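Coordinates in review
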Amino acid sequence: MSKREAAPTQPDAQAALKNISSISQLEHQALQTRSLAESISDALTKAVGSFPSIVFHAGFFLAWIVINLGWVSVVPPFDPFPFGILTLIVSTEGVLLAIIILISQNRMIRQADRRAHLDLQINLLAEQEASLILHQVRRIAERMQLPPDERDREAALLTETTDVDKVMHILEEQLPKD
């Protein structure tokens, strides 16, 4: 095992386990705070979006068509071609499934937005911490009377706090519009 591939030290492993536990708790909390409608729509979305659901639907449609084409003598056709009742059932199911999926997607979008806000907050804190560390390193270099370096000006700029509003404004100006 090379130096770069060295196993994490015990404190690193403990920090990772703590982070995993925190993330797991956030995920469990998000699942527990779902409304009844969201829980039901999640369960239905999971069930309908499965291979057994495809098999069930294919079998149901095949049986319906075979029966209503008169190929099964035991069961009389009840929905002749072009299968109006089947069309009504499929259309109704499609509308209901679309609504159920939208409910699940809306919940997932809200959860993703919360994660993005948390990620942004952590990134801003990390940027502030890095700026403070860089500031301290510059102070140490000054105390040790180290000669200036060509990157000192760049380092000085990085110690300044990032103006989030200014960065967002520049991004909005430069990113392509829809």
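Since we're looking at a predicted model, the values are computed, not measured.

Each value, and the rule that gives it
- Within any chain, residue numbers begin from 1 and follow the written order of that chain's sequence.
- Side-chain atom pairs in this predicted model are given and counted only at pLDDT of 80 or more, local residue features only at pLDDT of at least 70, and totals for whole chains, interfaces and linings cover all residues.
- As a convention, hydrogens and water are excluded, and side-chain values are obtained from all of the structure's heavy atoms.
- Going along the chain from the N terminus, every DSSP run of H or I of four or more residues is numbered as a helix, and every run of E of two or more is numbered as a strand.
- Two things to know: the radius of gyration comes from C-alpha atoms, and the globule rule equals 2.2 Å times the number of residues to the power 0.38.
- Only protein chains enter the accessibility calculation, which uses a 1.4 Å probe. A residue is then buried if its area is under 20% of the maximum for its type, exposed if over 50%, and partly exposed in between.
- In this analysis, two residues are considered to be in contact whenever any of their non-hydrogen atoms come within 4.5 Å of each other.
- Residue burial considers only the protein chains on display, and all accessible areas are found by Shrake-Rupley using a 1.4 Å probe.
- When charges are counted, neither His nor the chain ends are considered; positive counts come from Lys and Arg and negative counts from Asp and Glu.
- Charge coordinates come from a single atom per side chain, which is NZ of Lys, CZ of Arg, CG of Asp or CD of Glu.
- Any two of the Phe, Tyr and Trp rings considered here, Trp counted by its six-membered ring, make a pair once their centres fall within 6.5 Å; the pair's planes then place it as stacked at under 30 degrees, edge-to-face at over 60, or tilted in between.
- In a helix, the anticipated span is given by 1.5 Å times the number of residues less one.
- What the arc describes is the spread of directions from the helix axis to the C-beta atoms.
- Nonpolar side chains (Val, Leu, Ile, Met, Phe, Trp, Tyr) within 5 Å and like charges within 9 Å form the patches, drawn only from residues with over 30% relative accessible area and no salt bridge.
- The working definition used for a salt bridge is a side-chain nitrogen of Lys or Arg within 4 Å of a carboxyl oxygen of Asp or Glu.
- Computed over the protein atoms alone on a 1 Å grid, cavities are sets of points where a 1.4 Å probe fits but cannot get out and pockets are open sets with protein on both sides within 12 Å along at least five of seven lines; a residue lines them when it has an atom within 4 Å of a point.
- Grid points are joined across faces, edges and corners, and a volume is the space filled by probe spheres set on the points.
- Under the scheme applied here, ten amino acids are nonpolar (Ala, Val, Leu, Ile, Met, Phe, Trp, Tyr, Cys and Pro), four are charged (Asp, Glu, Lys and Arg), and all others, including Gly, are polar.

The helix and strand inventory of the chain stands at six helices and zero strands. In the chain, the order of α-helices and β-strands from amino to carboxyl end is α-α-α-α-α-α. Computed over its C-alpha atoms, the radius of gyration of the chain comes to 30 Å, more than 25% above the 16 Å expected for a compact globule of 178 residues. Counting only C-alpha atoms and orienting by the principal axes, one finds that the chain spans roughly 100 × 45 × 35 Å. Every one of the 178 residues in the chain was classed for burial, and the buried ones make up 11%. Look at the contacts in the chain between residues 6 or more apart in sequence, and 55% of them connect residues 24 or more apart. Looking at the chain as shown, the accessible area adds up to about 14800 Å², and 66% of this sits on carbon and sulfur atoms. One finds the centroid of the 16 positive side-chain charges in the chain at a distance of 6 Å from the centroid of its 22 negative side-chain charges.

On to the packing of aromatic side chains, then. For any pair of aromatic rings, the description rests on two quantities: the centre-to-centre distance and the angle between the ring planes. Considering all chains together, one arrives at five aromatic pairs under this definition. For the ring pair Phe60 and Phe61, a centre distance of 5.9 Å and an interplane angle of 65 degrees mean the geometry is edge-to-face. Ring geometry for Phe60 against Trp64: centres 5.6 Å apart, planes inclined by 50 degrees, an arrangement best described as tilted. Separated by four residues within a single helix, Phe60 and Trp64 lie in helix α3 (residues 51–68), roughly one turn from each other. Judged by its relative accessible area of 31%, Phe60 is partly exposed. Of the residues examined, Trp64 reaches a relative accessible area of 10% and is grouped as buried. Counting every residue linked through ring pairs, the aromatic cluster contains Phe56, Phe60, Phe61, Trp64 and Phe78.

Moving on, we come to helix α2 (residues 36–48). Over its 13 residues, α2 extends 18 Å from the first C-alpha to the last, a length consistent with the 18 Å expected when each residue adds 1.5 Å. For α2, the complete set of buried residues consists of Glu38, Ser41 and Asp42. Axial view of α2: buried residues confined to an arc of 105 degrees, hence all on one face. Packed against the buried residues of α2 are α4 (84–143).

Taken together, Phe56, Phe60, Val74, Val75, Phe78, Ile85 and Ile89 make up a surface patch of nonpolar side chains, about 630 Å² in accessible area. Breaking the nonpolar patch down by element, the ones donating at least two residues are α3 and α4. Counting through the fold element by element, Ile85 comes out in helix α4. By relative accessible area, Ile85 is classed as partly exposed at 39%.

This next bit is on the layout of surface pockets. Considered as a void within the structure, the largest pocket measures approximately 320 Å³ in volume. If you go around the largest pocket, you meet 13 residues; those closest to its centre are Leu26, Glu27, Arg114, Arg115 and Leu118. Elements with a contribution of two residues or more to the lining of the largest pocket: α1 (10–32) and α4. Among the elements that line the lining of the largest pocket, the one with the most residues is α1, at seven residues. Among the residues forming the lining of the largest pocket, the class breakdown is five nonpolar, five polar and three charged. Counted as a void, the second largest pocket has a volume near 230 Å³. Lining the second largest pocket, in full, are Leu134, Val137, Arg138, Ala141, Glu142, Leu146, Pro147, Pro148, Asp149, Asp152 and Ala155. Ranked by residue count, the leading element in the lining of the second largest pocket is α4, at five residues.

Honestly, it's all geometry; don't read function into it.
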